[in-house]
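Observations on the model geometry
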Amino acid sequence: MVLAQQIVLGLLLGGLYGLAAAGLSLVFGVLKVLNVAHGELIMLGGYGAYWLFALAGFDPFVSLLLVIPGSLLLGAALYLILFGFVVRAHEETRIKNSLLVGFGLALALHALAVRLWTADDRSISTGYGGAVLTVGPISIPVIRLASLLVAFALIGGLHLLLARWRWGKAIRATAEDWQAALLTGIDIRRAYLLAFALGTALAGAAGTLVSVGYSISPSIGLEWTLKALIVVVLAGLGSMLGTFVAGLFVGVAEALSAAAFGGPYREVVGLVIFLVVLVIRPQGLFGRTR
Amino acid sequence: MRSPGGSTENAWTVAILAALALLALLPLLAPRDDVLNFVFLVLLSITLAQSWNIIAGYAGQVNLGHAAFFGLGALTARTLWIAGTPVVAAMAAGALVAPAFALLIGAAAFRLRGAYFAIGTLALGEILRTAVGNVLPEISTLPAASIGAYRLAPRYYLALALAALSVLAVAALGRSRLGLGMVAVREDEDAAGATGVSALGLKLRALVLSTALAGAAGGVFAYYHISYYPSHPFGPGWTFDALLMTFIGGVGTLHGPVLGAVLYVFLKEYLTVRWVDFHLLIFGVLFIAIVLLFPGGLVQALIQVGNGARRRITRRP
Amino acid sequence: MLEIRGLEAAYGDVPALSGVTLRVGAGEIVALLGPNGAGKSTLLGCVAGLVRPRAGAITWDGGENLLTVAPHLIVERGLAVVPEGRRLFGSMTVADNLDLGAFSPRARAARRESLERVFTLFPDLRARRRQTVRALSGGQQQMVAVGRALMASPRLLMLDEPSLGIAPLLVRAILDALVEINRAGVAIFLVEQNVRAALTLAHRAYILEGGRVVGEGAGAALLRDPHVRRAYLGPLAAGA
């Protein structure tokens, strides 16, 4: 395959990495909680879109209108039932507990998905699924291009939400200094709830886009959690747009390494980059040193 | 978390070793394969859980990639053994490769605190699992001659010995300066550093002990199974099992992983028989409940409930 | 307005406050003085709901027990805090920081007037309102911090060491602003290490040492008190 083609495909996938990471980054930045079940939330979003398609014929891009609010509610529920308790501890214990709770949640959701929907791969094939945009020697699958645009729009939307909306600013304030936030009258638990719900909504959207452009199965959870983690660590916290760019970067890096070393090692390269960045510069490329 | 050492811990050590000694007689008294297989699993689980406990409970670091060391031990042992090395030597090699690898990444890994260490190890586990899965995608089966000569007893005794070793290691750790140092680091790393305790040195030593035991357990695993996929022991399920067992019994205690392993394996058997598909789901939920509600472990919670009940009963007017 | 009675607080085994009793009346400027580690910040923390005291009572407006009020609702009651070190949201603009100051419903309603008042008090901020707070100088940041607290339309403004690390000229400006604010009817509770400046401003003052109130009096009187002069104003002042 032409190298340029590989890179374009990597870019398209990278947009979804960015979207997946944005949700995780928001939750980690605000609640200081690392939800390692984030990938499972993406998986659930994917299945939501899949079943809306299979059972009710909803076009996946349309079903975003249902999956996103649904994921918002799911996120709110998960916060109230689980993570709301985790945030009561101090930061060190909080992170440790969130990892453990997330780990348990991930396994529980994975098992549930296998139980409900079997371990088979699933993908949404719409009528226009095969459409391709040809630019010179490069073929761009329309669905994946549309997904990239949707991902960008969602992240842009989140950025605006955080910048202009009163509670968006409250969320950012809470992320930066929760005690000062309390002093200015912000109910930080409400900020946590909103952040977690928004993070889950983004995950659900990402899942929907994955189910139509690629494929889903109960096992994609861990894979996507790690992808999101890689991007978050690479980008650092605090910038949604930075996270998106980092996602694109990871997508392209993977594509290049697959071209250089062959397919099976694309996963490994991403993870290796991750570890290197983690050790050398934990605050990421775009993040601020704490 | 309780401080290690002390009379309760001694009592537990003695009790556990006595129980293990009794189990040594099992193959002679009740040579039923299904019973021995079951106890084997318990013994292997004890080692795996204790090994995770060392890093988590004593050094305070959550290692989400523990399966990597289990897998490395299994891979090394299996490869050497099938190639002709005597099994004990092969297993010993596995128990050395795992910590060697750990040391390689350990110094870098421990620059990461808390969350970063956890996700770093998670990623590491995945890297190894994927890499091994790519390089060795085919199932590893013992040659026919070995299958014919397969005896459960030696595997059983190896697992038993290893379990006893892991318990002794943790007991010795609790008593040693190394153990106390670890607790200091766990409680407050910066303060410990200020008093001259080398946090990194202690963590590395804990890592070596932890991964050596995990690697040895992997070796036993490799010796035990007739055929399995080489990437299987690298799967996150093994890490989760170790976590769950340790948490059920109580992190940072000597008896925690032992009781947790026993409870877990029994519970899993029971659930698998009755509710085949749900056992992972139930364990996931159980785990979350324990982390949030019973940080001292289920065993601790039961003891508290028992004490509470006893107090209520004896409080008569 | 604010009545603190017998407040006891500790960090683990280390006592921070022992039986502290003081009050701030409507329209007053009350200063809290004392050496480092005396417990001044802890006291403010208790009032703001960030620190849980072991014993004692904090009464607001004659009746309400502030200890039962959630921290984020303290502002709604009419108390605003300018914390030590300012604790601004550095990554956000001056305008955003001020806007967040008016987060509570009561303050929100008066948002526009409050903003005007802040810009009148600190004209420098009007010009800088789109700048990121992190890029401002210490003195300018302090103005933003005071402004943010003012945006909450408080009846009692509490400040923790506002002059710390600020150039003297800007300290003057901030203290003058405090006088203005007080003239508009806002009571002020000022924790300060700059004893001279605080005492020239304050109607009354308390002295906190080792977690206990060891002195109380009118601002001017304390300024002349020999113990105060010796302890806080330096050896030269004691003789004068």
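About the cut-offs
Residues numbered from 1 in each chain as written. Chains lettered and ligands numbered in written order. Predicted model: local features only at pLDDT ≥ 70, side-chain atom pairs only at ≥ 80, totals over all residues. Helix = DSSP H or I, 4+ residues; strand = E, 2+ residues; numbered from the N terminus. Rg over C-alpha atoms; globule rule 2.2 N^0.38 Å. Buried ≥ 20, exposed ≤ 12 C-beta atoms within 10 Å, placed from the backbone. Contact = placed C-beta atoms within 7 Å. Core = buried A, V, L, I, M, F, W, Y, C linked by C-beta atoms within 7 Å. Pairing = 2+ DSSP bridges. Axes fitted to C-alpha atoms, helices over the stretch in contact; angles between N-to-C directions. Nonpolar A, V, L, I, M, F, W, Y, C, P; charged D, E, K, R; others polar. Parallel < 35°, antiparallel > 145°, perpendicular 65-115°, else oblique. Left-handed = near helix turned anticlockwise from the far one by under 90°. Expected span 1.5 Å × (residues − 1). pLDDT = per-residue confidence, 0-100.

1. Concerning the overall build of chain C
Looking only at helices and strands, one finds 12 helices and 10 strands in chain C. Here the C-alpha radius of gyration of chain C, 17 Å, is about what a compact globule of 240 residues would show, namely 18 Å. On the principal axes, the C-alpha backbone points of chain C span a range of 45 × 45 × 30 Å. The 240 residues of chain C split such that 47% are buried. In chain C, the share of contacts with a sequence separation of at least 24, taken over all contacts with a separation of at least 6, comes to 67%.

2. Regarding the overall build of chain A
The number of helices and strands found in chain A is 11 helices and 2 strands. Secondary structure elements in chain A, listed N-terminal to C-terminal, are α-α-α-α-β-β-α-α-α-α-α-α-α. Against the compact-globule benchmark of 19 Å for 290 residues, chain A has a radius of gyration of 18 Å, which places it among compact chains. Taken along its principal axes, the extent of the C-alpha atoms in chain A is 60 × 45 × 35 Å. A buried classification covers 57% of the 290 residues belonging to chain A.

3. Focus on the nonpolar core
Within the largest apolar cluster, 276 residues are counted, with the highest numbers of intra-cluster contacts made by Ala195 of chain A, Val220 of chain B together with Met158 of chain C. Not counting chain neighbours up to four residues away, the residues in contact with Val220 of chain B comprise Leu44, Met91, Arg155, Leu158, Ala159 and Leu162 of chain B.

4. Regarding the sheet that holds strand S7 (residues 156-160) of chain C
Residues and elements named next belong to chain C. Taken in spatial order, the 6 strands of this open sheet run S6-S7-S8-S3-S9-S10, and their pairing is mixed. One side of each edge strand has no neighbouring strand; the edge strands of this open sheet are strand S6 (79-82) and strand S10 (212-218). On average, each strand axis in the sheet is tilted by 15° relative to the strand beside it, whichever way the strands run. By the bridge criterion, 5 bridges tie S7 to strand S8 (residues 187-191) in an arrangement that is parallel. Looking across to S8, one finds that Asp160 is bridged to Val191. The strands touched by helix H7 (residues 138-150) are S6 and S7; relative to S6, the strand with the most contacts, the crossing angle is about 170°.

5. What about the interface of chain A and chain C?
With 16 residues of chain A at the contact, the number on the chain C side is 21 residues. Residue assignment for the side of chain A that touches chain C shows that the elements contributing at least two residues are helix H6 (166-176) and helix H7 (178-183) of chain A.

6. A word on the interface of chain A and chain B
Each partner contributes residues to the interface: chain A has 32 residues there, and chain B has 31 residues. Of all elements in the fold, only helix H3 (60-86), helix H4 (91-117), helix H9 (220-235) and helix H11 (266-280) of chain A reach the threshold of two or more residues within the side of chain A that touches chain B. It is H4 of chain A that provides the largest number of residues to the side of chain A that touches chain B, a total of 15 residues. Of the residues contributing to the side of chain A that touches chain B, the split by class is 26 nonpolar, 2 polar and 4 charged.

7. Concerning the packing of helix H1 (residues 3-31) of chain A against helix H5 (residues 142-164) of chain A
Residue and element names in this part refer to chain A. Put simply, H1 and H5 touch, their axes get as near as 8 Å, and they point 30° apart. One way to sum up the angle between H1 and H5 is to call them roughly parallel. Regarding H1 and H5, the two cross each other, and that crossing is left-handed. Note on element contacts: H5 touches H1 through Arg144, Leu145, Ser147, Leu148, Ala151, Phe152, Leu154, Ile155 and Leu158, opposite Leu12, Gly15, Leu16, Gly18, Leu19 and Ala22. Of the residues that constitute the contact of H1 with H5, the class distribution is 11 nonpolar, 3 polar and 1 charged.

8. Some thoughts on the pairing of strand S2 (residues 138-141) of chain A
All names here are of chain A. When strand S1 (residues 132-135) meets S2, the two strands line up antiparallel, connected through 4 bridges. Bridging from a neighbouring strand, Val132 pairs with Pro141 of S2. The turn joining S1 and S2, which pair antiparallel and follow one another in sequence, is formed by 2 residues; a positive phi near 65° is taken by Gly136.

9. Some remarks on helix H10 (residues 240-261) of chain A
Taking 1.5 Å as the rise per residue, H10 of chain A with 22 residues should run 32 Å; its terminal C-alpha atoms sit 31 Å apart, in good agreement. Just downstream of H10 of chain A lies Gly262 of chain A, where phi reads positive at about 100°.

10. Focus: the sheet that holds strand S4 (residues 55-60) of chain C
Residue and element names in this part refer to chain C. If you trace the 4 strands from one edge of the open sheet to the other, you get S2-S1-S4-S5, paired in antiparallel fashion. In this open sheet, the two strands that pair with only one neighbour each are strand S2 (14-24) and strand S5 (64-65). Relative to S4, strand S1 (residues 2-11) runs antiparallel, the two being bridged by 5 bridges. Of the residues in S4, the one forming a bridge with Ile4 is Ile58.

11. Focus: the environment of Gly218 of chain B
All names here are of chain B. Checked against the element boundaries, Gly218 lands in helix H10 (residues 199-224). Through-space distance from the C-alpha of Gly218 to that of Leu75 is 7.8 Å; in sequence the pair is 143 residues apart. The residues contacting Gly218, other than those within four sequence positions of it, are Phe70, Gly71, Leu72, Gly73, Ala74, Ala77, Gly94 and Pro233.

12. Considerations on the packing of H10 of chain A against H11 of chain A
Residue and element names in this part refer to chain A. Where H10 contacts H11, the two axes come as close as 8 Å, and the packing angle between them is 130°. Between H10 and H11, the angle is such that the two are oblique. Two packed elements cross with a definite hand, and for H10 against H11 that hand is right-handed. Contacts between H10 and H11 involve Val250, Ala253, Glu254, Ser257 and Ala258 from the former and Arg266, Val269, Gly270 and Ile273 from the latter.

13. Description of the environment of Gly23 of chain A
Residue and element names in this part refer to chain A. Mapped onto the elements of the fold, Gly23 is located in helix H1. Given 34 C-beta atoms within 10 Å, Gly23 falls into the buried group. Those residues within four positions of Gly23 in sequence are excluded, and the remaining contacts are His38, Gly199, Thr200, Leu202 and Ala203.

14. A few points about the confidence of the model for chain A
The share of residues in chain A with pLDDT of 70 or more is 95%, and the mean pLDDT across the chain is 88. Helix H8 (residues 188-213) of chain A holds the highest mean pLDDT among the elements of chain A, 95, whereas H11 of chain A holds the lowest, 75.

15. Remarks on the pairing of strand S9 (residues 204-209) of chain C
Residues in a regular strand point their side chains to alternate faces of the sheet. Residue and element names in this part refer to chain C. The pairing of strand S3 (residues 29-33) with S9 spans 4 bridges and is classified as parallel. Paired with Ala31 across the bridge in S9 is Ala205. Taken together, the 6 bridges between S9 and S10 define a ladder with antiparallel strand orientation. When the sheet's bridge partners are listed, Glu209 is paired in S10 with Arg212.

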